[in-house]
Protein chains: 2
Amino acid sequence: MKARVMVMLRNGVLDPQGEAVRAALGNLGFEGVGGVRQGKLIELDLAETDPEAARHSVTAMCEKLLANTVIESYQIEIL
Amino acid sequence: MKARVMVMLRNGVLDPQGEAVRAALGNLGFEGVGGVRQGKLIELDLAETDPEAARHSVTAMCEKLLANTVIESYQIEIL
């Protein structure tokens, strides 16, 4: 079973990486880009076959390792 | 209009970051994690209101800046 975790900086937390991308897109002539946020995408191959158990286990991984919950929020998709 | 770009290393391209996460999860006692791939998640706020035009423009951004298409593949979601 596959799981996808999307980790983004929380709203209000400064995102210099996203800001750099926004500036670079402007320099390349792309107009109308209001804001850019950059986060992490983590894809996991799990031996677990039960979707509920997989979600539970991935939530624990996020809380312990994958996300810094002080400044980052995460979303889990079980594929 | 919002767009989300998911950039992942292509299959077969070594992913040391994902490998480090896999090892760390193992050390923390999470079992049954077969493989981990880590990529980038980029969220864009666009002034464009037509979904087709937005997708077209974001594809150009990916080809020019957001992804290194030699080693990375990308997926675009218009939200």
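Residues numbered from 1 in each chain as written. Chains lettered and ligands numbered in written order. Predicted model: local features only at pLDDT ≥ 70, side-chain atom pairs only at ≥ 80, totals over all residues. Heavy atoms only, no water.

**A short note on the overall build of chain A**
- When helices and strands are counted, chain A shows two helices and three strands.
- Counting from the amino terminus, helix and strand elements in chain A follow one another as β-α-β-α-β.
- Taking 12 Å as the expected radius of gyration for a compact globule of 79 residues, we find that chain A reaches 16 Å, considerably beyond that expectation.
- The dimensions of chain A, computed from C-alpha atoms along their principal axes, are 45 × 25 × 15 Å.
- Looking at chain A as a whole, 38% of its 79 residues are labelled buried. (Helix = DSSP H or I, 4+ residues; strand = E, 2+ residues; numbered from the N terminus. Rg over C-alpha atoms; globule rule 2.2 N^0.38 Å. Buried < 20%, exposed > 50% of the residue type's maximum accessible area, 1.4 Å probe, protein only.)

**Some points on the interface of chain A and chain B**
- Taken together, the contact between chain A and chain B spans 31 residues of the former and 31 residues of the latter.
- For the pair chain A and chain B, the two sides together bury roughly 2,600 Å², of which 68% comes from carbon and sulfur.
- Among the residues of chain A in contact with chain B, Phe30, Leu41 and Leu65 of chain A are the three that bury the most area, contributing 21% of the side total.
- Counting across the interface, chain A meets chain B through zero salt bridges.
- Taken together, the connections running from chain A to chain B amount to 10 residue pairs in polar contact (both at pLDDT 80 or more). (Contact = heavy atoms within 4.5 Å. Buried area = accessible area lost by both parts, 1.4 Å probe. Salt bridge = Lys/Arg side-chain N within 4 Å of Asp/Glu carboxyl O. Polar contact = N/O pair within 3.5 Å; in protein donor to acceptor, adjacent residues only side chain to side chain.)

**What to know about the sheet that holds strand S1 (residues 2-9) of chain A**
- Across the sheet, six strands lie side by side as S3(A)-S1(A)-S2(A)-S2(B)-S1(B)-S3(B); this open sheet has antiparallel pairing. Each end of this open sheet is capped by a strand with a single partner; those strands are strand S3 (72-78) of chain A together with strand S3 (72-78) of chain B. On average, adjacent strands in this sheet sit at an angle of 25 degrees to one another, irrespective of strand direction.
- Pairing analysis gives 13 bridges linking strand S2 (residues 33-46) of chain A to strand S2 (residues 33-46) of chain B, with the strands arranged antiparallel. Pairing of Gln38 of chain A across the sheet is with Ile42 of chain B, part of S2 of chain B.
- Where helix H1 (residues 16-27) of chain A meets the sheet, its contacts fall on S2 of chain A together with S2 of chain B, and the angle it forms with S2 of chain A comes to roughly 125 degrees.
- Packing against the sheet, helix H2 (residues 51-66) of chain B makes contact with S2 of chain A together with strand S1 (2-9), S2 and S3 of chain B, and its axis sits at approximately 155 degrees to S3 of chain B. (Pairing = 2+ DSSP bridges. Axes fitted to C-alpha atoms, helices over the stretch in contact; angles between N-to-C directions.)

**A few points about the side chain of Asp15 of chain B**
Residues and elements named next belong to chain B.
- As for its position among the elements, Asp15 is in the loop between S1 and helix H1 (16-27).
- As a buried residue without a salt bridge, Asp15 has its nearest oppositely charged side chain in Arg37, at a separation of 4.2 Å.
- If we ignore the near neighbours within four places in the chain, the residues touching Asp15 are Leu9, Val36, Arg37 and Gln38. (Lys, Arg positive; Asp, Glu negative; His and termini not counted.)

**Some points on the pairing of S1 of chain B**
Residues and elements named next belong to chain B.
- Of all the eight residues making up S1, seven are buried; the element is thus mostly covered by neighbouring parts of the structure.
- Sheet analysis places S1 next to S2, joined by six bridges and oriented antiparallel. Among the inter-strand pairings, Lys2 is bridged to a residue of S2, identified as Asp45.
- With seven bridges joining them, S1 and S3 adopt antiparallel strand pairing. Residue pairing across strands places Met8 opposite Ser73, the latter belonging to S3.

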